[in-house]
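Spelled out from the first residue to the last, the chains are:
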Amino acid sequence: MNGSGVRGRFIAFEGGEGAGKTTQANLLAAALRDRGIAVDVTREPGGTPGAEAIRQLLLEPPVGPTGKGWNPKAEALLFAAARSDHVAERILPALESGIWVVCDRFVDSSRAYQGGAGGLGDEAILALHEFGSDGLRPDLTILIEVEPGQLAQRLAERDGDESDAIGGRSSSYHHKVAARFRLIAQADPKGFAVVDGSGDPVDVHERVMAAIEPLLAEEAG
Ligand code: TYD
C-alpha cells in the first residue's frame with residue numbers, strides 16, 4: 001500500500017506481434033508518471049531474472065531428439081511458470097506498495113496463443129493460471145488491434161528474417177491468435193478495452209488514455 005493505503009492498479013496490454021504494445025506501454029507509463037503516479041513497466045514472458053531465463057528457453061527452444069522445440073503442453077507450463085515468478089516477485093509486491101503496474105502481455109496471451117491457436121483450450125490455461133498465480137487478473141486489459149495487412153508490414157520492418165520461435169509461426173496461427181483475443185475481450189467487456197492500433201502511435205496513445213479514464217477518475221475520487 002502507498003501512504004494512503006491504496007493498492008496500485010494493474011494494466012496489461014495485449015495483441016498480436018507488431019501491434020505496438022511496447023510503445024503504448026511506455027507512453028502510458030510516462031503519462032501516468034506525469035500525473036504523479038508511481039509506475040512499474042514490465043513484460044511477459046519475463047520481468048524477473050527467473051522469468052527472463054524462461055523467456056530465453058521459450059523463444060529460442062533447445063531442440064530435442066525429435067527435432068522439435070517444446071510440445072504444446074510444456075510450452076504452456078513454461079509460460080505459466082514464468083508468470084508465477086513474475087507475479088510473486090514483482091507484480092504483487094508493486095501493487096501492494098501502491099505502485100501501478102503496466103505489463104506488456106499477461107495471461108490473455110497464453111489464452112490466445114497456447115489456448116486458442118495452440119489448441120489447448122481456455123480451461124487448461126485458466127487452470128494453470130489459477131495454480132501458478134492465484135488467477136490474478138489485471139484491473140484493465142487493453143487489447144490493441146491492427147488490421148493484418150498493416151501488421152505484416154510493421155513486422156517485416158521490425159524483425160526482418162529474425163522472428164523468434166513463436167513470432168515466426170504460420171499466418172494461420174497468428175490469425176487464430178487474433179480471433180481468440182477478440183473473443184476473450186468480447187466475453188468480458190468490463191475487463192477489456194479494445195483499442196484501434198492503426199495510425200500514428202500518438203493517436204493510439206490518446207485512445208489508450210480515453211480507455212483508462214475511468215481508472216484515473218476512481219484514483220482522483
Ligand atoms: P515478444 O517479443 O515479447 O512479443 P512481441 O512480438 O509482441 O513484441 O515475444 C513474446 C512471444 O511470446 C510472442 O510471440 C507472443 C508469445 N507469447 C505466448 O505465446 N504466450 C504467452 O503467454 C506470452 C506472454 C507470450
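The preceding data block contains the structure.
Residues numbered from 1 in each chain as written. Predicted model: local features only at pLDDT ≥ 70, side-chain atom pairs only at ≥ 80, totals over all residues. Heavy atoms only, no water.

**Student:** How would you summarise the overall build of the protein if you had to cite specific residues and measurements?
**Tutor:** Across its full length, the protein carries eight helices and five strands. Counting from the amino terminus, helix and strand elements in the protein follow one another as β-α-β-α-α-β-α-α-β-α-α-β-α. Against the globule reference of 17 Å for 221 residues, the protein gives a C-alpha radius of gyration of 17 Å, in line with a compact fold. For the C-alpha atoms alone, the extent of the protein along its principal axes is close to 55 × 35 × 30 Å. Within the protein, the proportion of its 221 residues that are buried is 44%. Considering only contacts in the protein between residues 6 or more positions apart, those separated by 24 or more positions represent 78%. With an accessible surface of roughly 10900 Å², the protein has 55% of that area assigned to carbon and sulfur atoms. Computing the positive centroid from 22 side-chain charges and the negative centroid from 33, the protein places the two 4 Å apart. (Helix = DSSP H or I, 4+ residues; strand = E, 2+ residues; numbered from the N terminus. Rg over C-alpha atoms; globule rule 2.2 N^0.38 Å. Buried < 20%, exposed > 50% of the residue type's maximum accessible area, 1.4 Å probe, protein only. Contact = heavy atoms within 4.5 Å. Areas by Shrake-Rupley, 256 points an atom, 1.4 Å probe, with all protein chains shown as cover. Lys, Arg positive; Asp, Glu negative; His and termini not counted. Charge placed at Lys NZ, Arg CZ, Asp CG, Glu CD.)

**Student:** Outline the environment of A152, listing residues and values.
**Tutor:** The topology assignment puts A152 in helix α6 (residues 148-159). Taking the C-alpha atoms as reference points, A152 and S172, 20 residues apart in sequence, are found 13 Å from one another.

**Student:** Describe the site of the ligand, naming the residues involved and giving the relevant values.
**Tutor:** The environment of the ligand is formed by 16 residues, the closest being E17, K21, R105, S110 and Q114. Residue R83 places a side-chain N or O atom 2.9 Å away from an oxygen atom belonging to the ligand. Of all the elements in the fold, those that place two or more residues in the shell around the ligand are α2 (49-59), α3 (72-96) and α4 (107-117). Here the shell around the ligand takes four residues from α4, the largest share from any one element. (Near = heavy atom within 4 Å. Polar contact = N/O pair within 3.5 Å; in protein donor to acceptor, adjacent residues only side chain to side chain.)

**Student:** Could you give an account of the sheet that holds strand β3 (residues 100-104), with specific residues and numbers?
**Tutor:** Pairing within the open sheet is parallel, and its five strands lie in the order β2-β3-β1-β4-β5. Each edge of the open sheet carries a strand with a single partner, namely β2 (39-43) and β5 (192-196). Averaged over neighbouring strand pairs, the angle between their axes works out to 20° when direction is ignored. Across five bridges, strand β4 (residues 140-145) lies against β5 in parallel orientation. Counted as the bridge partner of L143 is V194 from β5. (Pairing = 2+ DSSP bridges. Axes fitted to C-alpha atoms, helices over the stretch in contact; angles between N-to-C directions.)

**Student:** Which residues make up helix α1 (residues 21-34), and what values do they have?
**Tutor:** Each full turn of the α-helix corresponds to 3.6 residues, which orients residues three or four apart in the same direction. Across its 14 residues, α1 extends 20 Å between first and last C-alpha, which sits within 8% of the 20 Å expected from 1.5 Å per residue. For α1, every residue scored as buried is listed here: K21, Q24, A25, L28, A29, A31 and L32. Seen end-on, α1 carries its buried residues on one side only, within an arc spanning 165°. Turning to α1, the residues buried within the fold contact β1 (10-14), β2, β3, β4 and α8 (201-220). Two residues or fewer past α1, G36 is found with a positive phi of approximately 85°. (Expected span 1.5 Å × (residues − 1). Arc of directions from axis to C-beta.)

**Student:** So, the packing of aromatic side chains: which residues are in play, and what are the values?
**Tutor:** Overall, the coordinates contain three aromatic pairs when judged by the stated rule. Here the aromatic rings of Y113 and Y173 are separated by 6.2 Å at their centres, their planes lie at 50°, and the arrangement is tilted. Of this pair, Y113 sits in helix α4 while Y173 sits in helix α7 (residues 171-186), placing them 60 residues apart in sequence. Judged by relative accessible area, Y173 falls into the buried class, the value being 11%. Each ring, one from Y113 and one from F181, has its centre 6.2 Å from the other, and the planes form 80°; the classification is edge-to-face. (Phe/Tyr/Trp six-rings, centres within 6.5 Å; stacked < 30°, edge-to-face > 60°.)

By themselves, these are just geometric observations and shouldn't be taken as functional.
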